[in-house]
Amino acid sequence: MRAPRPKAAIAAIAVAALALAGCAESERDDSGDSSDATLVFGVAGDPKVLDPSFASDGESLRVARQMFETLVRPEEGGTAVSPGLAESWTPDATGTVWTFALRSGVKFHDGTDFNAEAVCVNFDRWYNATGLMQSPDVTAYWQDVMGGFASNESEDLPESLFKSCTAVDETTVELAFTRVSSKIPAALMLPSFSIHSPAALEEYGASDVTGSSDDITYPAYALEHPTGTGPFKFKGWDIANKTLTLERNEEYAGDKAKVKTLIFRTISDENARKQELRSGGIQGYDLVGPADVQPLSDAGFNVLTRPAFNVLYLAINQAGNPALADLRVRQAIAHALNRQALVDSKLPPGAEVATQFIPPTVEGHNPAVTTYDYDVERAKALLAEAGHPNLTLRFHYPTEVTRPYMPNPKDIFELLAADLREAGITVEPIPLKWSPDYLNATTSGNAHDLHMLGWTGDYGDAYNFIGTFFDRPKDEWGYDNPGLFEQFVAADSTADLDARYELYKGLNAAIMDFLPGVPISHSPPAIVFAEDVIGVTASPLTDERFATAEFKS
């Protein structure tokens, strides 16, 4: 899951205000019956947009997962592909045409039918996007997975992986692709490939994205009328009061949600979220501080720890300071960092030092990659050998944010900066507000040398980590390595899983030799609920399903 695209500002539109003055209080009665209950969940930030086609930030995707469904979905609590709106799926002999058998009897929240034609309307909408919908700030995940569009408007866009959609009959749809890809079908689990009501898309002008690339205005559908098939449906978004309300979909085709109303309430401060939970103002929140996990658990709260399916890394931009294009300098930076001390002092129990950019649980992890042990003298020697014994680097770090892989950015920055100074590197700290300033500064242009960022996996394939970072030139890293890019193409187009995993191992070895950045850690983020809230299963993908949440008797 990527960070929110920085240039995409939400249009300041008026949204129907909700009568939510009392939203911080649970409305359940004392009978223990959750059927009319309200669950208020604290989140760290506002969603960017309610149409997941345009979303790449975690808070937007969290909301989308409750309202929308995809053809396939992650198994609950895991990363494997399991049935969603499709009951089964099969590739043809070439591996380029996939046939999906759809569930019958499913309706969208507006009462219209879900069927094969609806699936094709959605894929055709994405594939035929024009204008600002081809901006990477708008359709980030489509471009990460599918590449380009039917008619690319930028020469930088690659050929589209998606080719066509055919509605064979009401419950059978064929998706054709231009080549075999490791991303299919797993990437179709992403909320950005949620299936929307064609009628609602048309009625509310869902593709009418306007403005400019620096000031994007989303259509009414994306902010006021999201219409899926999921267990909750949209009720209202009170932007001023930072609350977004969903209500149970009484016509849901599967098991109905156990609480009637679900409210996401934005509380950006971590300590404030904790106090609201303790006072009963909310009944759960995400991104529990590492130091709060045990005290909350000891106090009886229901703390759920997710598997460590993420990576925190130090990115090195080779296009800014010329010294960073020298491998010896990048190796010196890696040797200068005492990552074990950072893990031990700032990350939650269960965190570990990362030797590469994918967690050990992902196939393709290579235990034999080159590693860079903490060695200050080695770092100094490499800098001297490279002719940069007095190097000065701009080091960006984010403020006003907590991420699953980065619980306290300022503390982590201070430890890393101290390590670099010990090796003789002068650090110029550049703190910036997370969005849009920090993300703008570190993912575009070349005025950044070092910065901290990370990734939580979207599905259980190595390409979702290393391909997203390194399979093409990106401003975040500032390098061009055609040989490495060709290795990615070979891995992505290999259908045989065992052969592909071996290619991933080779890629991980090549990446750690090239060293575009330094992987820091994999850490298990926690989510917490009140002691009487049960039913939610922690997900390594942050795919928690609130439809199963209930208040125990």
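Residues numbered from 1 in each chain as written. Predicted model: local features only at pLDDT ≥ 70, side-chain atom pairs only at ≥ 80, totals over all residues. Heavy atoms only, no water.

Asker: Honestly, the overall build of the protein chain in this entry has me stumped. Any pointers?
Answerer: What the protein chain contains, in helices and strands, is 15 helices and 23 strands. Taken against the 2.2 N^0.38 rule, which gives 24 Å for 553 residues, the C-alpha radius of gyration of the protein chain at 23 Å falls within 12% of a compact globule. Dimensions of the protein chain, computed from the C-alpha atoms along their principal axes, are close to 70 × 55 × 45 Å. Split into buried and exposed, the 553 residues of the protein chain put 59% on the buried side. Considering only residue pairs separated by 6 or more positions, the protein chain has 70% of its internal contacts joining residues 24 or more positions apart. Split by element, the accessible area of the protein chain, about 20,500 Å² in all, is 47% carbon and sulfur. In the protein chain, 43 positive and 78 negative side-chain charges are present, and the distance between their average locations comes to 3 Å. (Helix = DSSP H or I, 4+ residues; strand = E, 2+ residues; numbered from the N terminus. Rg over C-alpha atoms; globule rule 2.2 N^0.38 Å. Buried < 20%, exposed > 50% of the residue type's maximum accessible area, 1.4 Å probe, protein only. Contact = heavy atoms within 4.5 Å. Areas by Shrake-Rupley, 256 points an atom, 1.4 Å probe, with all protein chains shown as cover. Lys, Arg positive; Asp, Glu negative; His and termini not counted. Charge placed at Lys NZ, Arg CZ, Asp CG, Glu CD.)

Asker: I tried to follow the state of the cysteines on my own but got confused; where do I start?
Answerer: In a disulfide, the sulfur atoms of two cysteines are held together by a covalent bond. Applying the stated criterion to the full structure yields 1 disulfide. Between Cys 120 and Cys 165 runs a disulfide, and the two sulfur atoms are separated by 2.1 Å. Here the disulfide of Cys 120 and Cys 165 is left-handed, its torsion about the S-S bond being about -80°. Of the two residues, Cys 120 is situated in helix α2 (residues 116-127) and Cys 165 in strand β6 (residues 162-169); the sequence distance between them amounts to 45 residues. Comparing Cys 120 with Cys 165 shows no difference in burial state: the two are buried. (Disulfide = S-S within 2.5 Å.)

Asker: What is the right way to read the pattern of salt bridges from this model?
Answerer: Side chains that differ in charge, positive against negative, can pair when their charged atoms come close. Enumeration over the complete set of coordinates arrives at 24 salt bridges. A salt bridge links Glu 377 to Lys 380, with the nearest nitrogen and oxygen atoms 3.9 Å apart. With Glu 377 and Lys 380 both in helix α10 (residues 376-385) and 3 residues apart, this pair spans about one turn of that helix. The class for Lys 380 is partly exposed, based on a relative accessible area of 35%. A single network of salt bridges, built from pairs that share partners, joins Glu 59, Arg 62, Asp 286, Arg 306 and Glu 544. (Salt bridge = Lys/Arg side-chain N within 4 Å of Asp/Glu carboxyl O.)

Asker: Honestly, unusual backbone geometry in this entry has me stumped. Any pointers?
Answerer: Peptide bonds are trans in most cases, and residues, glycine excluded, mostly fall at negative phi. With an omega dihedral of 5°, the bond running from Ile 184 to Pro 185 counts as a cis peptide bond. Tracing the backbone through its elements, the reader meets Pro 185 in the loop between β7 (172-177) and α4 (198-203). Of note, the phi angle at Lys 242 is positive, near 55°, even though the residue is not glycine. Topologically, Lys 242 is positioned in the loop between β10 (232-238) and β11 (243-248). Phi is positive for Glu 400, which is not a glycine, with a value near 55°.

Asker: Which parts of the structure should I look at to understand the packing of aromatic side chains?
Answerer: Given two aromatic rings, one states the distance between the centres and the angle between the planes to describe the pair. Counted according to the given criterion, the structure contains 34 aromatic pairs. Ring centres 6.2 Å apart and planes at 70° place the aromatic pair Phe 108 and Phe 114 in the edge-to-face group. Note on Phe 108: relative accessible area 3%, which makes it buried. Overall, the relative accessible area of 5% leaves Phe 114 in the buried class. (Phe/Tyr/Trp six-rings, centres within 6.5 Å; stacked < 30°, edge-to-face > 60°.)

Asker: Whenever I open this one, the environment of Ala 499 confuses me. Can you help?
Answerer: By secondary structure assignment, the location of Ala 499 is in helix α15 (residues 497-514). Looking at Ala 499, the relative accessible area reads 31%, which means it is partly exposed.

Asker: Teacher, can you tell me more about helix α6 (residues 270-279) here?
Answerer: Owing to its 3.6 residues per turn, the α-helix aligns residues three or four sequence positions apart on the same side. For α6, the full list of buried residues reads Arg 273, Lys 274 and Leu 277. Viewed end-on, α6 has its buried residues packed into an arc of 100°, placing them on one side of the element. For α6, the elements touching its buried residues are β1 (38-43), β13 (284-286), α7 (293-298) and β21 (526-529). Residue Gly 280 follows α6 closely and has a positive phi angle near 90°. (Arc of directions from axis to C-beta.)

Asker: It is not clear to me how the confidence of the model for the protein chain should be interpreted in this structure. Could you clarify?
Answerer: Low pLDDT marks regions whose predicted coordinates should not be analysed in detail. Here the protein chain averages 92 in pLDDT, and 94% of its residues register 70 or above. Low confidence marks residues 2-32, where pLDDT is under 50. Its contacts with residues over four positions away, or in another chain, come to 83 contacts. (pLDDT = per-residue confidence, 0-100.)

Asker: How should I be thinking about the packing of helix α13 (residues 463-470) against helix α14 (residues 482-492) in this particular structure?
Answerer: Two quantities define a packed helix pair, namely the angle between the axes and the distance from one axis to the other. Taken N-terminus to C-terminus, the directions of α13 and α14 make an angle of 145°; their axes are 11 Å apart at the nearest point. Of the two elements, α13 crosses α14, and the hand of that crossing is left-handed. Residue-level inspection shows Tyr 463, Ile 466, Gly 467 and Phe 470 of α13 in contact with α14, the latter providing Leu 484, Phe 485, Phe 488 and Asp 492. Classifying every residue of the contact of α13 with α14 by side-chain character gives 6 nonpolar, 1 polar and 1 charged. (Axes fitted to C-alpha atoms, helices over the stretch in contact; angles between N-to-C directions. Left-handed = near helix turned anticlockwise from the far one by under 90°. Nonpolar A, V, L, I, M, F, W, Y, C, P; charged D, E, K, R; others polar.)

Asker: Explanation requested: the sheet that holds strand β4 (residues 86-91) in the structure shown.
Answerer: Taken together, the 4 strands give an open sheet; going across it, the order is β4-β5-β7-β6, and neighbouring strands pair in antiparallel fashion. Single-partner strands in this sheet number two, and they are β4 and β6. Across this sheet, the average inter-strand angle for adjacent strands is 20°, counted without regard to direction. In this sheet, β7 lies alongside β6 in antiparallel orientation, the contact comprising 6 bridges. Bridge pairing in β7 links Thr 166 to Glu 174. The strands touched by α2 are β5 (97-102), β6 and β7; relative to β6, the strand with the most contacts, the crossing angle is about 165°. (Pairing = 2+ DSSP bridges.)

Asker: It is not clear to me how the sheet that holds strand β18 (residues 426-433) should be interpreted in this structure. Could you clarify?
Answerer: Within a sheet, neighbouring strands are paired by backbone hydrogen bonds and run either parallel or antiparallel to one another. An order of β16-β20-β15-β19-β17-β18 is seen for the 6 strands of this open sheet, with the pairing classed as mixed. If you trace the sheet from one side to the other, it starts and ends with β16 (352-353) and β18, each paired once. Looking at chain direction, β16 and strand β20 (residues 517-522) are connected through 2 bridges and run antiparallel. Note on β20: the bridge partner recorded for Val 353 is Ser 521. Of the strands in this sheet, β15 (310-316), β17 (392-399), β19 (450-456) and β20 are in contact with helix α8 (residues 327-336), which crosses β15 at around 135°. Packing of helix α11 (residues 409-422) onto the sheet brings it into contact with β15, β17, β18, β19 and β20, and relative to β17 it is tilted by some 165°.

Asker: What's the story with the pairing of β19 in this structure? I'm lost.
Answerer: Looking along a regular strand, one sees the side chains alternate between the two faces of the sheet. The buried fraction of β19 is high, at 7 of 7 residues. Neither face of β19 is open: one carries Leu 450, Met 452, Gly 454 and Thr 456, the other His 451, Leu 453 and Trp 455, and all of them are buried. As defined by bridge partners, β15 adjoins β19 across 7 bridges and the pair is classed as antiparallel. Its bridge partner lying in β19, Asn 310 is registered against Thr 456. Inspection of the sheet shows β17 paired to β19 by 2 bridges, in the parallel sense. When the sheet's bridge partners are listed, Phe 395 is paired in β19 with Leu 450.

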